[in-house]
Amino acid sequence: VIEDLPVLMRFYAEAAHALQISVQRDEATWRYLFGPSLQTDTGGQTWIVERAGHAPAGYIRAMPVGFGEGLICGEASLLHPDAAAAALSHLVALAREQNRPYVRLNLPRQHSMVTLALARGAHPYSCYGWQIRILEPQAILRKLAPVFEQRIAMSGYAGLNRTVTINLYHTAFTLRFVEGRLVSVAQQRDGQWGDLRLPPQLLPQ
């Protein structure tokens, strides 16, 4: 499979380009996936999908460990419908060989394999929302100043002169507005009552 790295990297780049958020994966990362990663729970097998004449048409990756007892396809390149059908058939056969009760496609909803599986009667699944952690809340609040100011200007609070406190229980942030402009953001170590109280993990949302 190492010899196929250039092809896999090209297919991965094409698939990543079609997504709004993706991870850059260099050759060293691919080598890790085919080496040390196989000894971990997140390791997975990779298959290249071929056209007639053995020309590569894409790839799929399946992971042995994940949510539930099924066979999990956690990654796939962009696939033509015919290639998607062949890949899906391979995964179903593999699941039967391993006595797994189903195949789970952890892929974007618009992927051709997902579309095909749903058309064949597969059950749709719900996904987790993005789990985002803000390391420096004070910095992101400052960064959002133009958004706050625009919303204030378009509201009944235009020209706001007030200090607003966001209480995250263990800490708090005071946003000082002067004539509708955010002039300062200060952090207080001890959470106060505040104008808005949020559990820390809810701040990103």
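S.K.: Help me understand the packing of helix α3 (residues 81-97) against helix α4 (residues 112-119), please; the structure alone is not making it clear to me.
M.R.: The relative placement of two packed helices is expressed as an angle between their axes plus a distance between the axes. Closest axis-to-axis distance for the α3/α4 pair is 9 Å, and the angle between their directions is 70°. Compared by their axis directions, α3 and α4 come out roughly perpendicular. When you trace α3 past α4, the crossing you get is right-handed. Mapping the contact onto sequence places Ala84, Ala85, Ala87, Leu88 and Leu91 in α3 and Ser112, Met113, Leu116 and Ala117 in α4. When the residues that make up the contact of α3 with α4 are grouped by side-chain class, the tally is eight nonpolar, one polar and no charged.

S.K.: In this structure, what is going on with the pairing of strand β3 (residues 71-76)? I would like to understand it.
M.R.: Along a regular strand, successive side chains alternate from one face of the sheet to the other. Among the six residues that make up β3, five are buried, leaving the element largely enclosed by the rest of the structure. Bridge count between β3 and strand β4 (residues 103-105): three bridges; the pairing is parallel. Residue Leu71 lies in a different strand from β4, and its bridge partner there is Val103. Each parallel crossover has a hand, and the one from β3 via α3 to β4 is right-handed.

Analysis parameters
- Residues numbered from 1 in each chain as written.
- Predicted model: local features only at pLDDT ≥ 70, side-chain atom pairs only at ≥ 80, totals over all residues.
- Heavy atoms only, no water.
- Axes fitted to C-alpha atoms, helices over the stretch in contact; angles between N-to-C directions.
- Helix = DSSP H or I, 4+ residues; strand = E, 2+ residues; numbered from the N terminus.
- Parallel < 35°, antiparallel > 145°, perpendicular 65-115°, else oblique.
- Left-handed = near helix turned anticlockwise from the far one by under 90°.
- Contact = heavy atoms within 4.5 Å.
- Nonpolar A, V, L, I, M, F, W, Y, C, P; charged D, E, K, R; others polar.
- Buried < 20%, exposed > 50% of the residue type's maximum accessible area, 1.4 Å probe, protein only.
- Pairing = 2+ DSSP bridges.
- Right-handed = clockwise from strand over helix to strand, strands pointing away.

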